Amino acid sequence: MQIDEATVRHIARLARIKIGKQEAANLERELTAILDWVDQLGEVDTENVAPLTRIGDLTLPWRTDEVTAGGCQDDILRNAPMTEDGFFVVPKVVE
Amino acid sequence: MPKTKTTNPTDLTLTEARDALQSKSLSSVDLTRAHLEAIAAGNEQLNAFIEVTLEKALAMAEESDARIGRGEARPLEGVPLGIKDLFCTRDVHSTACSNILKGFQPPYESTVTQKLWDSGAVMLGKLNMDEFAMGSSNESSARGPCVNPWRAKGKRKKLVPGGSSGGSAAAVAARFCLGATASDTGGSIRQPAALTGTVGVKPTYGRCSRWGMVAFASSLDQAGVITRTVKDSAILLREICGHDPKDSTSAPVDVPDFEAALDETVKGLRVGVPKEYRLDGMSAEMVALWEKGIEWFRDAGAEIKEVSLPHMRYALPAYYIIAPAEASSNLARYDGVRYGLRVDGNDLIDMYERTRAEGFGAEVKRRILMGTYVLSAGYYDAYYLKAQKVRTLIKQDFDTAFEDVDVMLTPTTPGPAFGINEKQDPVEMYLNDIFTVPINMAGLPGLSVPAGLTESGLPLGLQLIGRPYDEATMLRAGQVIEDAAGMFPAPRNWWAKSKA
């Protein structure tokens, strides 16, 4: 599967990562090589095989719908790059 | 009176140190100081510790000595350990060796490390690793590569310790700590253990809580340990396993006394040898060592059986779809808003894009993009769904094989440690994990035990694979290898500055 520069730019946009010209060229080459290599999965007959959705035979546990943590605003904010009045601050989102 | 030869406490195994502490023939403060001195003398060369928590270590050691004095010793009382930087430690720098988390100090403690402190262990500091655990050489760390204490005979070339738990493996091999926490998504415990002559255990998926571990690929990640002996691993493992309500994938299964299980015989144990692990092009030395391992089990009274894992060769390519897919989703949380690095931009999206461009290293970006691609519209079925179906087949292969055997024996890696900067091509690097990845895909426990040296004097490991939640049998089998191969010394201390 050949990945072109437009595709690299598109997925970088989806992944929210800015990439430069040289980086895009490297990624074009590297991702193409990786995809060529994983294409060997096409040899495997997976007709009538269910995808694996969880490992181990555990069923997901249930618990009552109540707050088990909370009241720790300072902890939550303490590693934030920018805060004001107990909130995270981000650039303007809506005009 | 002739002077008795004083042994350095860092030469003790974890088991010996634990016993000496509990019998009060050694104090935790002395033991801890000895390790801190070893780190101070040698870490500059090896770059295994990226943060040393000296004051905390000494305070914890004093507390341990007081408890031992009062007769209140817990199972790991006073034992100094290193912690992979992937584990969040309260108020102590935890960054998964990524610039995007530079300076991050979690307001919480991971369950695995909390269990260690509750058992009395002492924290020496945080250990180097590949960024977000993505790598097989520890070269992708934002804190620089870690160096293997082993060097080829007569050579000075710096070798990688393996990855992603390269710091954990190097620190244990160099006697900077008695044991270390590690994590394994596709071989990140077993591969570095094999490359540094140490013992590495990845328990069954769900055995250890993943709560407070920085997530890479959630259906594959599992915590484990690296130590110098199988018994040391059994002791540490017992303390970190167990159900945790904070992790919905953690298994409510009893934890046996792994240490006691080592005393049982392997007579009659059925050891499987998967024929698909005989790859063309595997080094003759590795093949010979594997044969030797099979002989050791025969000599110990085990029964050797050939088994087949027909889809084994597809495990690695399927892994390089599934792991990046999960990583792209897990790493979406690093956006410069709530914690970590922020790079200002023209608007919100621009801020996200600049932050993630600057915060992530090349390998992490490559995997996020790969993951984004295979999950994107039009490609999801062809790649991600296909890989998850192949994963089902891989798991079925193991289920079938384990009907006839109790444990499987394979090589851990295709070869010994390689040089720093030697492998540039991503696919070539990924091939390092060809023998370890299938175990993660099936959620099984795996163990690497040092088994021999190459002609050039570098360690090689053998891998044991266990049934789900049957780490006890796997460890017992590991003891057979260790008994036959002997414990591995690290080469004489070239990394330490001579004491003034």
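Residues numbered from 1 in each chain as written. Chains lettered and ligands numbered in written order. Predicted model: local features only at pLDDT ≥ 70, side-chain atom pairs only at ≥ 80, totals over all residues. Heavy atoms only, no water.

If you look chain B up in an unreviewed UniProt entry, it shows as Glutamyl-tRNA(Gln) amidotransferase subunit A from Dichotomicrobium thermohalophilum. The Subunit (unreviewed entry) field of the UniProt record for chain B holds the comment "Heterotrimer of A, B and C subunits." (UniProt positions renumbered as here; feature names shortened; annotations may be inferred.)

As recorded in an unreviewed UniProt entry, chain A goes by Aspartyl/glutamyl-tRNA(Asn/Gln) amidotransferase subunit C and comes from Dichotomicrobium thermohalophilum. Under the Subunit (unreviewed entry) heading, UniProt states for chain A: "Heterotrimer of A, B and C subunits."

K.L.:
When you look at the confidence of the model for chain B in this model, what are you seeing that I'm missing?
P.N.:
Should pLDDT be low for a region, the predicted coordinates there are not to be read in detail. When pLDDT is averaged across chain B, the result is 95; 98% of the residues are at 70 or more. Interface confidence for the predicted complex, given as ipTM, is 0.96, next to a pTM of 0.97. (pLDDT = per-residue confidence, 0-100.)

K.L.:
Any chance you could explain the interface of chain A and chain B here in plain terms?
P.N.:
Note: interface size is frequently given as the accessible area lost on complex formation between the parts. Counting residues at the interface gives 48 residues for chain A, matched by 64 residues for chain B. Note on chain A versus chain B: buried area summed over both sides is about 5,000 Å², and carbon and sulfur give 70% of it. The tally of links from chain A across to chain B stands at 7 salt bridges. We note a salt bridge from Arg78(A) to Asp91(B), for which the minimum N-O separation is 2.5 Å. On inspection of chain A and its partner chain B, the count reaches 19 residue pairs in polar contact (both at pLDDT 80 or more). No other element matches the 9 residues that helix α2 (residues 21-38) of chain A contributes to the side of chain A that touches chain B. The class makeup of the residues in the side of chain A that touches chain B is 33 nonpolar, 5 polar and 10 charged. (Contact = heavy atoms within 4.5 Å. Buried area = accessible area lost by both parts, 1.4 Å probe. Salt bridge = Lys/Arg side-chain N within 4 Å of Asp/Glu carboxyl O. Polar contact = N/O pair within 3.5 Å; in protein donor to acceptor, adjacent residues only side chain to side chain. Helix = DSSP H or I, 4+ residues; strand = E, 2+ residues; numbered from the N terminus. Nonpolar A, V, L, I, M, F, W, Y, C, P; charged D, E, K, R; others polar.)

K.L.:
Explanation requested: unusual backbone geometry in the structure shown.
P.N.:
The omega torsion of the bond from Gly163(B) to Ser164(B) falls at 5°, within 30 degrees of zero and hence cis. Mapped onto the fold, Ser164(B) is located in the loop between β3 (122-127) and α5 (166-173). The phi dihedral of Asp85(A) is positive, around 50°, even though this residue is not glycine. Mapped onto the fold, Asp85(A) is located in the loop between β1 (83-84) and β2 (87-88). With a relative accessible area of 70%, Asp85(A) lands in the exposed category. (Buried < 20%, exposed > 50% of the residue type's maximum accessible area, 1.4 Å probe, protein only.)

K.L.:
What exactly am I supposed to notice about the packing of aromatic side chains here?
P.N.:
We describe a pair of aromatic rings using the distance from one ring centre to the other and the angle between the two ring planes. Residues and elements named next belong to chain B. Tallied over the full model, the rule gives 17 aromatic pairs over all chains. With 6.4 Å between their ring centres and 90° between their planes, tyrosine 334 and phenylalanine 360 make a pair best called edge-to-face. Taken together, the residues tyrosine 334 in the loop between α10 (315-330) and α11 (348-359) and phenylalanine 360 in the loop between α11 and α12 (362-375) connect sequence positions 26 residues apart. For the pair tyrosine 334 and phenylalanine 360, a shared accessibility class is recorded, and that class is buried. Here the aromatic rings of tyrosine 373 and tyrosine 383 are separated by 6.0 Å at their centres, their planes lie at 50°, and the arrangement is tilted. On the criterion of sequence distance, the pair formed by tyrosine 373 in helix α12 and tyrosine 383 in helix α13 (residues 380-401) is long-range, its members being 10 residues apart. Each member of the pair, tyrosine 373 as well as tyrosine 383, carries the same accessibility label: buried. Among the aromatic residues, those joined into a cluster by ring pairs are Phe104, Phe132, Tyr334, Tyr339 and Phe360. Positioned over the ring face of tryptophan 290 is arginine 278, at 4.6 Å from the centre of the ring. Between the NZ or CZ atom of lysine 423 and the centre of the ring of phenylalanine 418, over which it lies, the distance is 4.3 Å. (Phe/Tyr/Trp six-rings, centres within 6.5 Å; stacked < 30°, edge-to-face > 60°. Lys NZ or Arg CZ within 6 Å of the ring centre and 35° of its normal.)

K.L.:
Would you mind showing me how to read the pairing of strand β10 (residues 446-453) of chain B here?
P.N.:
One face of the sheet, then the other: side chains in a regular strand alternate in exactly this way. Residue and element names in this part refer to chain B. Along β10, 7 of the 8 residues are buried, which leaves the element largely enclosed by surrounding structure. Here strand β5 (residues 199-202) runs beside β10; their pairing, made up of 3 bridges, is antiparallel. Following the sheet pairing, valine 201 is matched in β10 by leucine 447. Looking at chain direction, β10 and strand β11 (residues 459-466) are connected through 7 bridges and run antiparallel. Directly across from serine 448, in β11, lies its bridge partner glutamine 463. The antiparallel pairing of β10 with β11 creates a hairpin that spans 5 residues between the two strands, and glycine 457 there sits at a positive phi of about 85°. (Pairing = 2+ DSSP bridges.)

K.L.:
Got a minute to help me understand the state of the cysteines in this structure?
P.N.:
Here is the idea: a disulfide is a covalent bond, and it sits between the sulfur atoms of two cysteines. Residues and elements named next belong to chain B. Applying the stated rule across the entire model yields 0 disulfides over all chains. Left without a disulfide partner, cysteine 97 is nearest to the cysteine sulfur of cysteine 146, which lies 9.5 Å away. We note that cysteine 177 lacks a disulfide partner, and the nearest cysteine sulfur, in cysteine 146, lies 11 Å from it. (Disulfide = S-S within 2.5 Å.)

K.L.:
Mind showing me how you'd approach the confidence of the model for chain A here?
P.N.:
The share of residues in chain A with pLDDT of 70 or more is 100%, and the mean pLDDT across the chain is 93. For chain A, helix α3 (residues 73-77) of chain A is the element with the lowest average pLDDT, namely 94, and helix α1 (residues 5-14) of chain A is the one with the highest, namely 97.

K.L.:
Before we go on, may I ask you to explain the environment of Glu63(B) in this structure?
P.N.:
All names here are of chain B. Looking at the element boundaries, glutamate 63 is found in helix α3 (residues 54-69). Judged by relative accessible area, glutamate 63 falls into the partly exposed class, the value being 39%. Here the alpha-carbon distance between glutamate 63 and methionine 441, two residues 378 residues apart in the chain, equals 42 Å.

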